[in-house]
Amino acid sequence: MSTPGAYYIPSKATWPVLATAGLVILLAGFANYLNGASIGPTMMIVGFVMFILMLTGWFALQASESESGMYSAQVGISFRMGMMWFIFSEVMFFAVFFGTLWYTRNLSVPWLGGEGIGAATKELLWPSFDAVWPTNGPGHLGGKIVDGKPSGEFESMSAWGLPFLNTLILLSSGVTVTWAHHGLLAQHRGQLIKGLIATVALGFLFVICQAIEYHEAYTEMGLTLGSGIYGSTFFMLTGFHGFHVCVGAIILSVVLFRSSIGHFKPENHFAFEAAAWYWHFVDVVWLGLFIFVYIL
Amino acid sequence: MSAVVAEHDDHHDDHDHGPQKGLLRWIITTNHKDIGTLYLLFALAMFFIGGIMALVIRAELFEPGLQFVEPQFFNSMTTMHALVMVFGAVMPAFVGLANWMIPMMIGAPDMALPRMNNMSFWLLVAGVLLLASTLFMEGGAPAAGWTLYPPLVLQTGKALPFAIFSVHLLGISSIMGAINIIATIFNMRAPGMTLMKMPLFVWTWLITAFLLIAVMPVFAGAVTMLLTDRFFETSFFDAAGGGDPVLYQHIFWFFGHPEVYIMILPTFGVASTIIPVFARKPLFGYSSMVYATASIAFLSFIVWAHHMFTVGMPIAGELYFMYATMLIAIPTGVKVFNWTATMWKGSMTFETPMLFAIAFVVLFTMGGFTGLMMSIAPSDFQYHDTYFIVAHFHYVLVPSSVFILMAAGYFWLPKWTGHMYNEKIGQLHFWMSVISVNILFFPQHFLGLAGMPRRIPDYAIQFADWNMVSSIGGFIFGVSQLLFLYIVIDTIRGGTGEKVSDEVWEDAHKHGLEWTLPSPAPYHTFTTPPDVIPTEHQ
Ligand code: HEM
Ligand SMILES: [Cu+2]
């Protein structure tokens, strides 16, 4: 089937079904854990390890096939389209949480405060609720622990400390990954590798800064997942973004490893491009977060 | 649409591998036909499992009072019936058809991303198994309706996280399948197969795949927030923390309304494929069909809150969603008109696939009309959450999507297997189905207008007669489907024994590339791209 020019169709695939098994064990384990069943964590570990091993095997196979020239240009286009549409699905996933933020800030919180259709509700249920953002709702949920009990008081996250630093970090990582791409195209392997090292390093630096920020939020500011809708949207958006940064940095590390053993040519480097697109996507989401979650 | 000068198959067995031997073949396969078969068989199995749940519902509702099941279990049945049918039967069946037919229709060797194709099937199985496992859990399966509205759904027992993760798996599966379909259609068409020469089935799937990628992540996001609300203290849907349960409804229906079009657009595509063949005329208004499909898809994103007229939206919202929803009737009308015009003065014959397709055109139109009635916001206050809704969406799903799936089975089984199905039993199956489906669902309109709420195990005495009629229809419909099961098995095992030609149906080769392939279609479709020669059609 590997006639030159022909579209490569693998005759069989063992990795996908095993990856599925890993994923379903992981998720069933997580569900068991949430239900308080003791088997949960074990299942999670087994499923996670299986999933990672399978992905490794699958990607290693793809990489070796790619390097041995089995993929025609047309196959490359399929891969690129796949990646683009995958990123689109991720955009829609984040859109849900951005939409949630918009809806609560502009509609549901004002309604709770008595605007529009909420007038009667406010009078009857929460006459003293003051609808200003940030809020943890009329129930004053969560907040700093005082005398072992949540006080309902929390601070919101300011944009100009660590978050601003993180913006600079991510923006520069976008530059370094482009620089690495230029190196790849010009066949300057040194530049490619240096650019990737810088990008991965900046990525992990971002994650570390965010971890510090979260730690501060939980221990000092009374800002947790439980502090009402502000805490919920804040952690959901930044948390999922941070998770994507981790994934992106891991993908870039794999690309870095492959670059260091001589993979990729100027005309054939889908994995690099996919990783770079993903990274830019993560970058753009962060800009959205910085504006809508931190600044506004 | 286009005919072909075919020279495939001759050089078939050079160094080409046929299927693997044994059971393993089906597990590790990357072949679009194998995967299509898996999807179709899985969907058929789920159709019967979901059907049994429906019969539990209809048995309980046969008479007023509680007869057979606990109310909680009854609610689990309505919830699980819907989830199984939507995510386990109808959607996978259409993905199966896409897998089988799209490469054959556009002259491609296979799907663009074969390994991912395999994974999307197994993720589907995993997701449905996870969902089914909730039936046996403490607290029972989810019982808050397939829409999983909070706060009610948050009272689910141990099943909740399993159901949520099952939605995630099904979502990933659908997204992977959709990405594959888009990449195949954009990247694998034979030379000369321009976009506006693609068969409508391919067009409708292209647009459906786009809808899937756009909205499955939205559903995933919504259930993720349910998960965190229940287990991680967030308050997305809890007013005490500043959230809003109505927000869930908005997000759900932003997914949910396109979702119903995910089930109906491929239906339109198959109908547009079958009707011209038996009318012996090219499809009337090909390009208007394409544009109508695209407009329906676009509109489907901006009408979602017609499911929420009674929830207490600002009046501007009510009005906007009312008018926007009514707009959908226009492109839908274009389609119905085009199918009718295709049949107009055609030399029609009425083989089983055509019978189902004609029934689809008529009965779908009825479902569309009730939709239009409900789109009028003030009227919907009366209809909402009654059996009228149940009648509406069953008309657009059962005698529409499901009938067209049956039609597709009869239409393509000879191509897939090389055997002819038994026409007599096929006709019997059709008449039993079309009569019983109306006995089953038509009275539900009356029940709804008279005020019978949906999702209840018991009801007031004045609803007794029509419920009994409906249940009788339901049981006849259920039993009739065993005929379909018989026909599928029988056809796979040899059918009538008659040798089917490559084109199967008279002059079918004028209507699409798939009919130029041998019957049964070879394991690898077009190892070299076919020449696409547009016919004088259009
Ligand atoms: C002319 C086109 C259509 C219009 C105007 C329309 C309108 C509506 C409206 C207004 C509702 C909400 C009723 C209520 O809950 O009070 C509804 C419900 C529904 N429709 Fe349609 N519809 C159309 C076509 C379709 C199609 C093609 C499908 C599926 C293939 C579909 C499936 C459903 C389903 C499943 C529900 C009920 C959802 C639930 O509450 O569980 N509809 N439709
Ligand atoms: Cu709708």
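These lines cover the structure that appears in this document, whether it is placed above or below. (Residues numbered from 1 in each chain as written. Chains lettered and ligands numbered in written order. Predicted model: local features only at pLDDT ≥ 70, side-chain atom pairs only at ≥ 80, totals over all residues. Heavy atoms only, no water.)

Things to note about the overall build of chain B
Now for step 1: Check the secondary structure of chain B and you find 14 helices and two strands.
Now for step 2: For chain B, the C-alpha radius of gyration of 23 Å lies close to 24 Å, the compact-globule estimate for 538 residues.
Now for step 3: The principal-axis extent of the C-alpha atoms belonging to chain B is close to 70 × 50 × 45 Å.
Now for step 4: Counting across all 538 residues of chain B, residues that qualify as buried make up 64%.
Now for step 5: A separation of at least 24 residues holds for 83% of the contacts in chain B among residues at least 6 apart in sequence. (Helix = DSSP H or I, 4+ residues; strand = E, 2+ residues; numbered from the N terminus. Rg over C-alpha atoms; globule rule 2.2 N^0.38 Å. Buried < 20%, exposed > 50% of the residue type's maximum accessible area, 1.4 Å probe, protein only. Contact = heavy atoms within 4.5 Å.)

Regarding unusual backbone geometry
Note on backbone geometry: most residues besides glycine have negative phi, and most peptide bonds are trans.
Now for step 1: Note that the residue after B:Pro150, namely B:Pro151, is joined by a cis bond; omega there is 0°.
Now for step 2: The residue B:Pro151 is located in the loop between helix H4 (114-133) and helix H5 (159-187) in this model.
Now for step 3: With an omega of -5°, the peptide bond running from B:Ser519 to B:Pro520 counts as cis.
Now for step 4: By the element assignment, B:Pro520 lies in the loop between helix H14 (464-492) and strand S2 (531-534).
Now for step 5: Phi at A:Phe264 takes a positive value of approximately 75°, unusual for a residue other than glycine.
Now for step 6: For A:Phe264, the position within the fold is in the loop between helix H7 (228-260) and helix H8 (270-295).
Now for step 7: Taking the relative accessible area as the measure of exposure, A:Phe264 reaches 4% and is therefore buried.
Now for step 8: One non-glycine residue, B:Asp507, lies in positive phi territory at about 60°.
Now for step 9: Of note, B:Asp507 is situated in the loop between H14 and S2.
Now for step 10: Taking the relative accessible area as the measure of exposure, B:Asp507 reaches 30% and is therefore partly exposed.

Topic: the site of ligand 1
Residue and element names in this part refer to chain B.
Now for step 1: Taken together, 22 residues sit near ligand 1, with Trp146, Asp380, His384, His392 and Arg454 positioned nearest.
Now for step 2: His384 has a polar side-chain atom sitting 2.7 Å from an oxygen atom of ligand 1.
Now for step 3: Taking His392, its side chain carries an N or O atom lying 2.9 Å from a nitrogen atom of ligand 1.
Now for step 4: The element that contributes the greatest number of residues to the shell around ligand 1 is helix H10 (residues 352-375), accounting for six residues. (Near = heavy atom within 4 Å. Polar contact = N/O pair within 3.5 Å; in protein donor to acceptor, adjacent residues only side chain to side chain.)

A few points about the pattern of salt bridges
Now for step 1: As enumerated under the stated definition, the model contains eight salt bridges over all chains in all.
Now for step 2: A salt bridge links B:Arg115 to A:Glu65, with the shortest nitrogen-to-oxygen separation between them at 2.6 Å. With B:Arg115 in helix H4 and A:Glu65 in helix H2 (residues 39-67), this pair bridges two chains. Judged on exposure class, the residue B:Arg115 and its partner A:Glu65 are both buried.
Now for step 3: Here A:Lys144 makes a salt bridge to A:Glu155, at a shortest N to O gap of 3.0 Å. Taken together, the residues span a long stretch of sequence, with A:Lys144 in the loop between helix H4 (119-125) and strand S1 (145-146) and A:Glu155 in the loop between strand S2 (149-150) and helix H5 (162-185) at a distance of 11 residues.
Now for step 4: What makes A:Lys144 partly exposed here is its relative accessible area of 28%. (Salt bridge = Lys/Arg side-chain N within 4 Å of Asp/Glu carboxyl O.)

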